[in-house]
Amino acid sequence: MRTDDALAEQHNDVSGDEPLLAARVHRPSDLLRLLVGVLAIIVVIGIAAFASGTTSGLEQDINKGTGQAPDIFVKVAGLVSSIAVLLVPVAFAIERLIKRDGLRIADGVLAAVLAHGVTLATDLWVARGAPLAIQEALTQPQSGGGLTDPVHGYLAPVIAYMSAVGMARRPRWRIILWVVLLLDAFTMLVAGYTTPLSIILTVLIGWTVAYGTLYTVGSPNVRPTGQTLLAGLRHVGFRPVSAMRAEGLPDTAEQGDRGRRYLVTLEEGSPLDVTVVDREQQAHGFFYRVWRRLTLRGITTRRSIQSLRQALEQEALLAYAAIAAGANAPKLIATSELGPDAVMLVYEHREGRSLDSLADEEITDAVVRGCWEQVRALQSRRIAHRRLTGDALLVDRSGKVVITDLRGGEIAAGDLVLRMDTAQLLTTLGLRVGAERAVAAAVAVLGPDRVADCLPLLQPIALSRSSRATLRRLARERSQREREAVLAASQAAKAARLEESTATGEVGRADGKAERKAVRAEKQAEKRALEDALHEAREEDLLAQIRRQVLKIRPQAPVEPVRLERIRPRTLISLIAGAIAAYFLLSQIASIPLSTISEANWAWVSAAVVFSALSYVAAAMSLLGFVPERVSFARTVVAQVAGSFVKIVAPAAVGGVALNTRFLQRSGVRPGLAVASVGASQLFGLGAHIMLLLAFGYLTGTERSQDDFTPSRTVIAGLLTIAVLALVVTAVPALRKFVSTRLRSLFAGVVPRMLDVLQRPGKLVTGIGGMLLLTAMFVLCLDASIRAFAGGAQPLTYASLAVVFLAGNAIGSAAPTPGGVGAVEGALLAGLVLAGVPKEVAAPAVLLYRLLTLWLPVLPGWFSFNHLTRKGAL
């Protein structure tokens, strides 16, 4: 037995075995409360501004109800509350100082000072700058003249102080706090010194300022130290000697909330594994969990905010359930609290190394099979692990697999979650031992049917964050290898062509026709070499390899991915942008008199319809001009009509590219060539768009001055902007590398295709003519739409009209909304008005133009899309 002095000396050594803890931490929960408080304040002010009738009725009802209270009760309550509202904070401060928690008191005082400043600013704004409705909702007239304070300057600081010092986490103090606040609010309402909205706003300001202060300056770190841990272990009957912090654990949003782990040695017996969970671990990864909970559907996840008691009970339940299911999991020995802000879970110690720390040759078939046996044991009792990554699988000295980190698991799990576990472990093992071994072991343990059932879940969104990051890194490396192989093939082909041309130079000069044929043959050979190099260098990603291995065993297995995302970031952005666009669009429509629409010139409307229809013929020409292979022109026109439907469900710059690429592939063009053709068309179209915009902008700037043929300031500003961007890209190494990498991949695929087209003048003329005709048709459609509401007159020149259209179309292509909804309308309307078109003409003209080019073609586009799909052309 050691003496107390020796034990104390060992305890002091513990603090040096772990990294120093930060004195203060910025909790995400404080930020969330701050944002909620700001939103609530905005809502209250909005109610005061726009629901004055409701607030005045509420005040009358409250005054009528409180007016029946006995005067003696009101006076006593007012006296008690006015004294208690000052004494309670002082009493709590004394208690905290006695317990040496002065940092919290300092935070509370700072929050109170800031809250007092916010109340003064709010009072000043309401008195001098706020609308009359807000002033009436937050103040009461006084008998001697004047108004009451909109926000109570003494109450908001008290609320901020008590929230910042943490009184709400202590039940007895919390009850006293709310009793005092309710009494004070009651007496002020009865006395006619305040309004209900004023009290609510006061509470919200104090609460919001408190958590804003805590998040800004940080909260005192309440994580227990090693000495606190040893004291807690002695409290539950153990005799610890030392505690060493476990090293090498990842710290991500998915894994950082698992707690801090310690290896504890005892005076007698085997060592222990202790997991300590505190409020900081609970908050770790909060926003990531909220996002996953909002975006994934059909999957239950643990609550984003759990109390320490709930976390303790969940992990204990899963530990007992896993052992009862026959899984080889660490045995939970004891649990305990470490003060009000932390808990600990004590496990028996299991020697071993994680799967991530093993070398590839150490992961034998027995180890892989052991991993699947643990999953089979858990799933036999419908237990989902939810985190089957390499660090959750421990391999002991005998080669047995121990499954750990069950805290994020789930009991009575549904089939979808269990299949996700299978998909996750297939990916985890596939990253280490390859798809073939991972699938073979899974089939041997789980059976082919259960493995095949997970194929629809084998998608990145269903995997852990660390697995997705690894797959993205491997994809980047794979793309880099493909690009390097294509560039090497291109350089080799050029070197061979140069050598051959040098050797046959005399013959070529003697016969020019034979030389041209030889050059064409060399270019064709170079193109084939690039295609072959790309085909040979293309590698299959891991998930595709796993699917192929499973399909060898179960060819009829479903492979169509299950849609797990409830909402995607692009969809969310599109919805927000669409709502804003709809608001502005509806406001413009509402400002248009009905007589303006009814008096439209239908001859010009018919002309606009014809120009809109001809744009699909022009689009087909612009595409086929960059496809040397023979493709049906009529079917290409139908495909462009089908693109009108695709534009509504995807951004214009994405949906059209995907549809045209798919159409060319189904028309017999090789996949690589189809992508290159569409890319060449898009690249040439971008260049033509920029050149036309600059040319028409130049002409627009010279129209008003025939003698001075100089470009407009807009063109000069645009050129200077492009020059500055080019300088920035070349000066910043990261940007320069990004651009050069993209340009290399472009020249490896698209440019050889363009060289192919350059050898066929007819195709080149078709492509360029189609692009110019497409722009002309859209400009003429916009021109006819304006004339339809301008009595046949056109207030703009065609050069100005082309600039407005080209600028609006560019903005629409960059907008994330489908079809550029909202962005195109706003850009065209602003451009026309700035160019001199009256607003009452420009607004209906833009609506007619968008109706003919975007909305009306949707139904024919849907029929065309279905027709091409049935014919196998899409």
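Higher on the page you've got the structure.
What you see is a predicted model; the values in this text were computed from it and never measured.

J.: Just checking my understanding: could you explain the pattern of salt bridges for this structure?
T.: Pairing of side chains with opposite charge becomes possible as their charged atoms draw close. Enumeration over the complete set of coordinates arrives at 13 salt bridges. The residue E410 makes a salt bridge to R386 at a minimum N-O spacing of 3.2 Å. Of this pair, E410 sits in the loop between strand 10 (401-403) and helix 15 (415-433) while R386 sits in the loop between helix 14 (365-380) and strand 9 (393-395), placing them 24 residues apart in sequence.

J.: Any chance you could explain the packing of aromatic side chains here in plain terms?
T.: Using the criterion set out here, one finds three aromatic pairs in the structure. Centre to centre, the rings of W207 and Y211 are 5.2 Å apart; their planes meet at 70°, and the pair counts as edge-to-face. Linking W207 with Y211, this pair stays in helix 9 (residues 196-217), spanning four residues, or about one helical turn. Exposure remark for Y211: the relative accessible area of 11% places this residue in the buried category. Relative to F863, the ring of W862 has its centre 5.1 Å away and its plane inclined at 70°; by these criteria the two rings are edge-to-face. Assessed through its relative accessible area of 38%, W862 is described here as partly exposed.

J.: What is the right way to read unusual backbone geometry from this model?
T.: The bulk of non-glycine residues show a negative phi, and the bulk of peptide bonds are trans. Of note in this structure, R382 is not a glycine but carries a positive phi near 55°. Checked against the element boundaries, R382 lands in the loop between helix 14 and strand 9. The backbone of D405 sits at a positive phi, close to 55°, despite the residue not being glycine. With respect to the helices and strands, the residue D405 is situated in the loop between strand 10 and helix 15. With a relative accessible area of 13%, D405 lands in the buried category.

J.: Before we go on, may I ask you to explain helix 14 in this structure?
T.: Side chains that are three or four residues apart share a direction in an α-helix, a result of its 3.6 residues per turn. The end-to-end C-alpha distance of helix 14, which contains 16 residues, comes to 22 Å, matching closely the 22 Å that a straight helix rising 1.5 Å per residue would cover. Turning to helix 14, its buried residues number three or more, namely V367, V368, G370, C371, W372, Q374, V375, A377, L378 and Q379. Just beyond helix 14, the residue with positive phi is R382, at close to 55°.

J.: I would appreciate a short explanation of the environment of A441 in the present structure.
T.: Tracing the sequence through the fold places A441 in helix 16 (residues 435-446). Look past the residues within four positions of A441 in its chain and what remains in contact with it is V368, R369 and W372.

J.: Teacher, can you tell me more about the packing of helix 15 against helix 16 here?
T.: The geometry of a pair of packed helices is captured by two quantities: the angle between their axes and the separation between those axes. Contact geometry of helix 15 with helix 16 gives a least axis separation of 7 Å together with a crossing angle of 140°. By the angle between their directions, the pair helix 15 and helix 16 is classed as oblique. Crossing geometry of helix 15 relative to helix 16 is assigned as right-handed. Where helix 15 abuts helix 16, its residues T422, L426, L429, G430 and V433 lie against A435, R437, A438, V439, A442 and L446.

J.: Explain the sheet that holds strand 9 here, please?
T.: Strand pairing within a sheet occurs via backbone hydrogen bonds; the two strands may be parallel or antiparallel. Strands sit in the order 8-9-10 across an open sheet of three strands; the sheet is antiparallel. The open sheet has two edge strands with one neighbour each: strand 8 (353-354) and strand 10. Both strand 9 and strand 10 contribute to a ladder of three bridges, which runs antiparallel. Across the sheet, L394 pairs through a bridge with V402, a residue of strand 10. Along the sheet face, helix 14 touches strand 9 and strand 10 and points at about 35° away from the line of strand 10.

J.: For this particular structure, what's the right way to read the nonpolar core?
T.: For soluble globular proteins, nonpolar side chains are generally found buried alongside one another. Counting residues in each nonpolar core, the largest one holds 50 residues, and the members touching the most others are W372, L393, L425, L426, L429 and I546. Listed by contribution, the elements that provide at least two residues to this core are helix 13 (308-324), helix 14, strand 9, strand 10, helix 15, helix 16, helix 17 (448-452) and helix 21 (542-553). If you tally residues by element for this core, the top one is helix 16, at eight residues. When neighbours within four sequence positions are excluded, L425 is seen to be in contact with C371, W372, V375, L388 and L393. Counting 31 residues, the second largest nonpolar core, distinct from the first, contains A600, F789, L806 and L828.

J.: Looking at this model, I keep getting lost on the side chain of Q135. Mind explaining?
T.: Relative to the assigned elements, Q135 resides in helix 6 (residues 132-138). At 3.1 Å, the side chain of Q135 and the backbone oxygen of V126 are in polar contact. Not counting residues up to four positions away in its chain, the partners in contact with Q135 are V126, A127 and L147.

J.: Please explain the environment of R386 as it appears in this structure.
T.: Its relative accessible area of 23% is what places R386 among the partly exposed residues. Separated by 21 residues in sequence, R386 and R407 have C-alpha atoms that sit 9.2 Å apart. A distance of 3.2 Å separates polar atoms of two side chains, one belonging to R386 and the other to E410.

J.: Help me out: how do you make sense of helix 16 in this one?
T.: In this model helix 16 runs 16 Å from its N-terminal to its C-terminal C-alpha over twelve residues, within 8% of the 16 Å that 1.5 Å per residue would give. Against the buried residues of helix 16 lie helix 14, helix 15, helix 17 and helix 21. G447 lies just past helix 16 and shows a positive phi near 100°.

The rules behind each value
Residues numbered from 1 in each chain as written. Predicted model: local features only at pLDDT ≥ 70, side-chain atom pairs only at ≥ 80, totals over all residues. Heavy atoms only, no water. Salt bridge = Lys/Arg side-chain N within 4 Å of Asp/Glu carboxyl O. Helix = DSSP H or I, 4+ residues; strand = E, 2+ residues; numbered from the N terminus. Phe/Tyr/Trp six-rings, centres within 6.5 Å; stacked < 30°, edge-to-face > 60°. Buried < 20%, exposed > 50% of the residue type's maximum accessible area, 1.4 Å probe, protein only. Expected span 1.5 Å × (residues − 1). Contact = heavy atoms within 4.5 Å. Axes fitted to C-alpha atoms, helices over the stretch in contact; angles between N-to-C directions. Parallel < 35°, antiparallel > 145°, perpendicular 65-115°, else oblique. Left-handed = near helix turned anticlockwise from the far one by under 90°. Pairing = 2+ DSSP bridges. Core = buried A, V, L, I, M, F, W, Y, C linked by side-chain atoms within 4.5 Å. Polar contact = N/O pair within 3.5 Å; in protein donor to acceptor, adjacent residues only side chain to side chain.

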